[in-house]
Structure formats: C-alpha cells, structure tokens
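As a plain string of letters, each chain reads:
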Amino acid sequence: MTGGAFTDAETPRVLVYRAIGLGDLLTGVPALRALRAALPGRSIVLAAPAAQRPLIELVDAVDAHLPTAELAPVAWEGPPPEAAIDLHGNGPASRRLVEALGAARVIGFDLVPGNPAWDPDEHERGRWCRLVTVAFGGTADPDDVLLARPAPPPRGAGAVLIHPGAASGARRWPAERFAAVARRLAADGHEVLITGSADERPLAAGVAGRAGLGAEAVLAGTTGLGELAALVATAGLVVCGDTGMAHLASAFGTRSVVLFGPTPPARWGPPPGPHTVLWHGTGVGDPHACDPDPALLRIDVEEVLEAASHPGT
C-alpha cells in the first residue's frame with residue numbers, strides 16, 4: 001500500500017470514501033474485498049482518517065490510503081477516478097464530496113438512478129456488500145472480516161482487555177460494573193488490562209482503582225492504534241461495549257463479550273466466531289444520548305462474568 005500517488009500512472013483508480021470511525025472501517029472490509037474481486041487491475045484508494053493507517057495497512061483489498069478528515073474535501077490528485085464510491089453514509093454531505101471528484105461513475109445509495117435503496121434496518125456489513133455487488137457484480141461475504149495479524153506486543157499476550165469507554169454515554173456500561181468484572185477476573189488469576197483513548201484515561205484509571213488493580217494495568221492513552229490492534233490480536237478475551245474495540249476483536253478472531261445498547265446487534269453485531277453478544281433491548285434507542293441506554297443497564301455483572309467464562313460460538 002502507498003500514499004495517494006501511484007508510480008504507474010496508467011493504472012485505473014477507484015476511490016472509496018469511508019472517513020468515519022474505527023468500527024466503520026472494519027465493518028467495511030468485506031465490501032472492500034468484494035470490490036477488489038469485482039475490479040481486478042484497478043487500484044483501490046481508500047479515503048479515511050490518517051489515524052487509521054496502521055489498520056488500513058492490514059487490509060489486503062486496499063492499494064493506497066488517502067488521509068481525509070470526516071466530511072472534509074478529498075485531496076485527490078491527477079485525473080478523476082474511474083469510479084467514486086460513497087461507502088460513508090446516505091446523506092448529502094458525503095454525496096457532495098464524492099460527486100466533486102468528477103468520476104465517470106458515482107456509486108452510492110439513492111445517489112443516481114440504478115443505485116440501490118438505503119435500508120435502515122440492514123446490518124452494517126451486509127449493507128455495503130450489497131452496494132458493491134449491485135454496482136459491480138460478483139459476490140461478497142459479509143463475515144469476511146479477518147485481518148492480517150500485526151507483530152505481537154511486548155506484553156499482554158493472553159490478557160483480558162477491559163474497554164469501558166465508548167463514543168457516547170448511551171453506549172457506556174457503568175464504570176463500577178466494569179470494575180466489578182475486572183476485580184473478579186483478576187481474582188481468578190487473569191492478567192487484566194484497561195484500555196481506552198487518552199481522553200478515556202481518567203475513566204480507565206477509575207475502573208482499575210475500583211478493581212484493585214495497579215497503575216500498570218491502565219493502558220488507556222498509552223497505545224497507538226497499531227499497538228492496540230496487536231494487543232487485541234494476542235488477548236485472551238475482550239470485554240467491551242458496542243465500540244470499535246468489539247470490531248477489532250472480530251478482525252483478529254479474539255474471544256469477546258460485547259454489551260449492546262442502544263443499537264441492536266442485528267445492525268452492528270459480530271460475525272460468527274468466539275464472540276458472545278449480550279442484548280436486552282426491544283428496539284433501537286438513541287445512540288447519541290448522554291446516559292447509558294436502558295437496554296445496556298439491564299445487563300448485570302454476573303451475566304458478563306458467566307459469558308466471560310464460556311467461549312462464544
């Protein structure tokens with residue numbers, strides 16, 4: 001994989017726009033592979049956030065990464081792409097950015113006549129696979145999410161990774177419950193590490209403190225995305241909410257317990273594998289709310305510990 005430029009100027013290029021979060025990148029991998037199979041001989045350029053590069057380098061269907069901020073203009077150089085694909089969403093903002101590239105063919109839900117219709121109830125992986133196969137033919141496997149494994153980290157192999165953070169309060173299980181899970185698993189002899197972003201370090205430190213773990217167990221804010229991926233790839237178990245961390249566990253086939261709410265697993269759940277999904281909702285809640293969703297609060301500590309003690313199916 002290279003940057004935005006190619007040494008072979010004659011190679012037709014296809015631009016895929018998906019400049020969102022980590023989970024969005026990983027759920028788009030099956031569609032990217034379907035695109036690669038449908039368009040042999042083309043160079044697939046993925047416009048995505050710069051911070052995602054360590055993972056994009058592990059995606060075998062991408063030839064070049066074009067760093068792009070979310071809903072910012074794409075800094076495309078050279079002749080327009082042969083095709084431009086909106087793998088970002090269904091709104092006018094991403095649509096305008098893709099159309100501005102001047103591609104001979106523009107692909108996106110409801111974008112132009114002949115493009116498929118958006119289905120709000122569709123699973124995220126299946127949605128983008130459908131878009132690609134309708135547009136270009138071929139087949140796609142929505143469960144084809146596994147990535148090449150990165151080099152192992154210097155520590156953490158076989159550890160339990162507890163990830164208490166999430167992008168919104170609606171998807172954050174209470175910190176004291178994460179701490180209770182961490183305390184019990186540590187008492188059972190597991191190495192327990194608390195992960196998260198730099199902004200989530202106070203949350204992670206609080207969970208570790210309540211669990212009786214030392215400061216050395218707090219990895220939040222100390223790992224880049226590549227290092228975090230390596231930790232997940234060698235971990236014994238990941239316990240987290242419906243976040244990018246859950247999709248990392250899926251990408252490396254790492255056993256996980258994923259706590260869902262407010263969005264049901266029918267839309268964002270993991271593929272078959274060693275993953276246990278916990279969900280007690282009856283519909284779709286507000287994913288942007290500040291407080292934990294009621295469906296998430298119906299999951300108790302003992303249920304998580306029970307799931308952690310048995311491999312997923």
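Now for a look at the structure at hand. Remember, it's a predicted structure, so these values are computed and weren't measured experimentally. (Residues numbered from 1 in each chain as written. Predicted model: local features only at pLDDT ≥ 70, side-chain atom pairs only at ≥ 80, totals over all residues. Heavy atoms only, no water.)

1. A look at the sheet that holds strand 4 (residues 83-86)
The strand order across the open sheet formed by five strands is 3-2-1-4-5, and the pairing between neighbours is parallel. The open sheet has two free edges, formed respectively by strand 3 (64-67) and strand 5 (105-107), since each of these has just one partner strand. Averaged over all pairs of adjacent strands, the angle between strand axes in this sheet comes to 20 degrees, irrespective of strand direction. The sheet contact formed by strand 1 (residues 13-17) and strand 2 (residues 43-48) spans five bridges and is parallel. By the bridge assignment, Val14 is partnered in strand 2 with Ile44. (Pairing = 2+ DSSP bridges. Helix = DSSP H or I, 4+ residues; strand = E, 2+ residues; numbered from the N terminus. Axes fitted to C-alpha atoms, helices over the stretch in contact; angles between N-to-C directions.)

2. Let's talk about the sheet that holds strand 10 (residues 275-278)
Strands sit in the order 7-6-8-9-10 across an open sheet of five strands; the sheet is parallel. Both outer strands of the open sheet, strand 7 (192-194) and strand 10, are each paired with one neighbouring strand and no more. Pairs of neighbouring strands in the sheet enclose a mean axial angle of 15 degrees, with direction left out of account. Summarising the sheet, strand 9 (residues 256-259) and strand 10 pair through four bridges and their orientation is parallel. By the bridge assignment for strand 10, Ser256 is matched with His275. Running over the sheet, helix 6 (residues 175-187) touches strand 6 (160-163), strand 7 and strand 8 (237-241) and is turned about 170 degrees from strand 6. (Contact = heavy atoms within 4.5 Å.)

3. So, the side chain of Ser168
Note on placement: Ser168 falls in the loop between strand 6 and helix 6. The exposure class assigned to Ser168 is buried, which follows from its relative accessible area of 10%. Within the structure, Ser168 has its side chain in polar contact with the backbone oxygen of Pro287 (distance 2.6 Å). Apart from residues lying up to four places away in sequence, Ser168 is in contact with Pro287, His288 and Ala289. (Buried < 20%, exposed > 50% of the residue type's maximum accessible area, 1.4 Å probe, protein only. Polar contact = N/O pair within 3.5 Å; in protein donor to acceptor, adjacent residues only side chain to side chain.)

4. Considering the environment of Trp118
Its place among the elements puts Trp118 in the loop between strand 5 and helix 5 (124-136). The spatial distance from the C-alpha of Trp118 to the C-alpha of Leu131 is 9.2 Å, given a sequence separation of 13 residues.

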